[in-house]
Every structure is written in C-alpha cells, then in structure tokens.
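Summary of the model geometry
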Amino acid sequence: GENVEQHPSTLSVQEGDSAVIKCTYSDSASNYFPWYKQELGKRPQLIIDIRSNVGEKKDQRIAVTLNKTAKHFSLHITETQPEDSAVYFCAASYPGAGKSTFGDGTTLTVKP
Amino acid sequence: DTAVSQTPKYLVTQMGNDKSIKCEQNLGHDTMYWYKQDSKKFLKIMFSYNNKELIINETVPNRFSPKSPDKAHLNLHINSLELGDSAVYFCASSPGLAGYEQYFGPGTRLTVT
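Quick summary incoming for the structure in this document.

The rules we used
- Residues numbered from 1 in each chain as written.
- Chains lettered and ligands numbered in written order.
- Predicted model: local features only at pLDDT ≥ 70, side-chain atom pairs only at ≥ 80, totals over all residues.
- Heavy atoms only, no water.
- Pairing = 2+ DSSP bridges.
- Helix = DSSP H or I, 4+ residues; strand = E, 2+ residues; numbered from the N terminus.
- Axes fitted to C-alpha atoms, helices over the stretch in contact; angles between N-to-C directions.
- Phe/Tyr/Trp six-rings, centres within 6.5 Å; stacked < 30°, edge-to-face > 60°.
- Buried < 20%, exposed > 50% of the residue type's maximum accessible area, 1.4 Å probe, protein only.
- Contact = heavy atoms within 4.5 Å.
- Buried area = accessible area lost by both parts, 1.4 Å probe.
- Salt bridge = Lys/Arg side-chain N within 4 Å of Asp/Glu carboxyl O.
- Polar contact = N/O pair within 3.5 Å; in protein donor to acceptor, adjacent residues only side chain to side chain.
- Nonpolar A, V, L, I, M, F, W, Y, C, P; charged D, E, K, R; others polar.
- Patch = residues over 30% accessible without salt bridge, like charges linked within 9 Å, V, L, I, M, F, W, Y side chains within 5 Å.
- Areas by Shrake-Rupley, 256 points an atom, 1.4 Å probe, with all protein chains shown as cover.
- Lys, Arg positive; Asp, Glu negative; His and termini not counted.
- Charge placed at Lys NZ, Arg CZ, Asp CG, Glu CD.

Residues and elements named next belong to chain A. On the basis of which strands lie adjacent, the open sheet formed by five strands has the order 1-3-8-7-6 and antiparallel pairing. The open sheet has two edge strands, strand 1 (4-7) and strand 6 (56-59), and neither has a second partner. Direction aside, neighbouring strands of the sheet carry axes that sit 15 degrees apart on average. Strand direction decides the pairing type here: strand 6 and strand 7 (residues 62-67), joined by four bridges, are antiparallel. For Asp59, the partnering residue across the bridge sits in strand 7 and is Ile62.

Next comes the structure, spelled out in structure tokens:
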C-alpha cells in the first residue's frame, strides 16, 4: 500500500520568513496530493491540493510543488504570520483507493 | 449550515463501557471516513464507507463497529472501552472514492478512565 513520509516533524520560523514542508510517497499510482492545516483544538482543513498532471499550484502565500519522477511534493508558505502556526498534514491518494494516506504531520510555529 | 457534524463533542467514560459517536454530512458526498488522532497528533484512518458499503477497515479491533444507515450518516460504536482508546475521533466525507477533498467534522474527544 501507499506510504507517505513527511519532514520535518517540527519547524520553527520567524514571522515573515518562508517555511517548507516536504513529503515523499511510494505508490506511483497516486495522483492526488492534498495539504491539510489543523489549528490547535480544531479540525483538519484542506488548504491546497495538486493533481499529478500539474507541477505547481499557488494560492496567495501558499504553494505546492510536485515531482512525480522523484515521488515527492512540498508545501511552501511565504511571508509567514503567527496565524500560520498549526499542524500541517500531507496526503496522497489514487482513484479507487477509498482513502487518502496521511503523513505524520509537521508542527509549524511562527514566532512574532 | 454545518457541512460535517459529530456528536458528542466530548465523551468521558470508564473502562469496559460501550459508547457511540454519530456523524452526519449534508454535502451530498458518497464517501465517509472515521479517523483516530492520538496524543502524538498522528491522523490514522480507521474505516471508509462508500454509499453505505464498507470499503476500508484498517486493522481496527473488532470492538469498533461502524454503521452507515444511509450515505449521509456514519456512526461508530465502541464496545468494552480501553484506556488506549482515548483519542480524538474525526469523521470526514469526500465526493468520490479516491479520498479527494475531505471535509472533517469537529471531532469527538474520548477520554477513558
């Protein structure tokens, strides 16, 4: 089955700096790669996703890149703000999988 | 309108008891899930249902029994609760079978004493 590894497990940055979280996946059939943000005490929420026919996708300060050959994808957050502090999860899935396989999460702390 | 709702939000109970958590989605999605999030924040899938049919059972102890009366509802019943069952349980739904674009419920914090 699919295996998703996520790094780093914790990340601390100064406000205004950029943050990068990386994930690798094992199953070449995976074609959908979402990122979820979970604030303390809240539910995970989808913030951005990318499909395998696209190499990069941006939404304001966040972007996701995908390298299908190397089987890795990354989340980039620019001009970080304290409200970006949260746990971020990557995931991978493929048609008919019946699920997404999640990484173990990255706790991002943005220091004011 | 709430997209995915769960009840109760908190559940405190003693070892050996039986409890249920209910989940409802009003998004018209075909697939629903149960996840367990432990103290280390890992998000682990337990079950996946598509149009009331069980699709995924991730080697969950048979003390956990999900039931889907219709595609908008997925309930979780837990028998003989153990200390290790303490966690936050999230329900989620998505429009298709591939796990795309999941919407999560607010979670149920279960504490077993």
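On to the packing of aromatic side chains, then. Counted under the stated rule, the structure contains 14 aromatic pairs over all chains. Arranged with centres 5.5 Å apart and planes meeting at 85 degrees, the rings of Phe102(A) and Tyr35(B) form a pair that is edge-to-face. Of the two residues, Phe102(A) sits in strand 10 (residues 101-102) while Tyr35(B) sits in strand 4 (residues 31-37), which places them in two different chains. Residue Phe102(A) is classed as buried on the basis of its relative accessible area, which comes to 7%. With relative accessibility at 0%, the residue Tyr35(B) sits in the buried group. Both rings, one in Tyr35(B) and one in Phe104(B), keep their centres 5.3 Å apart while their planes meet at 40 degrees; by these two values the pair is tilted.

Turning next to the interface of chain A and chain B. Every contact between the two is made by 21 residues of chain A and, on the other side, 23 residues of chain B. Carbon and sulfur atoms make up 53% of the surface buried where chain A meets chain B, a total of about 1,900 Å² over both sides. Looking only at chain A, the three residues that lose the most surface to chain B are Arg43(A), Gly98(A) and Lys99(A), adding up to 29% of its buried area. Between chain A and chain B we count three salt bridges in total. Between Lys44(B) and Asp104(A) there is a salt bridge, with the nearest N and O atoms lying 3.7 Å from each other. Along the contact surface separating chain A from chain B lie nine residue pairs in polar contact (both at pLDDT 80 or more). For the side of chain A that touches chain B, the secondary-structure elements that each account for two or more residues are strand 4 (32-38) and strand 5 (45-51) of chain A. Across the side of chain A that touches chain B, the residue classes tally to nine nonpolar, six polar and six charged.

Moving on: a positive patch on the surface. On the surface, Lys42(A), Lys9(B), Lys41(B) and Arg109(B) cluster together into a patch of positive charge. Within the element layout of this structure, Lys42(A) appears in the loop between strand 4 and strand 5. Lys42(A) gets classed as partly exposed once you look at its relative accessible area, which sits at 48%.

The next thing to look at is unusual backbone geometry. Residue Pro8(A) follows His7(A) across a cis peptide bond; omega there is -5 degrees. The step from Thr7(B) to Pro8(B) runs through a cis peptide bond, and the omega angle for that step is -5 degrees. Tracing the chain through its elements places Pro8(B) in the loop between strand 1 (4-7) and strand 2 (10-13). At Lys41(B), a position not held by glycine, the phi torsion is positive, near 75 degrees. Mapped onto the secondary structure, Lys41(B) falls in the loop between strand 4 and strand 5 (43-50). Its relative accessible area of 35% is what places Lys41(B) among the partly exposed residues. One non-glycine residue, Ser80(B), lies in positive phi territory at about 45 degrees. Locating Ser80(B) in the fold gives a position in the loop between strand 8 (73-78) and strand 9 (87-94).

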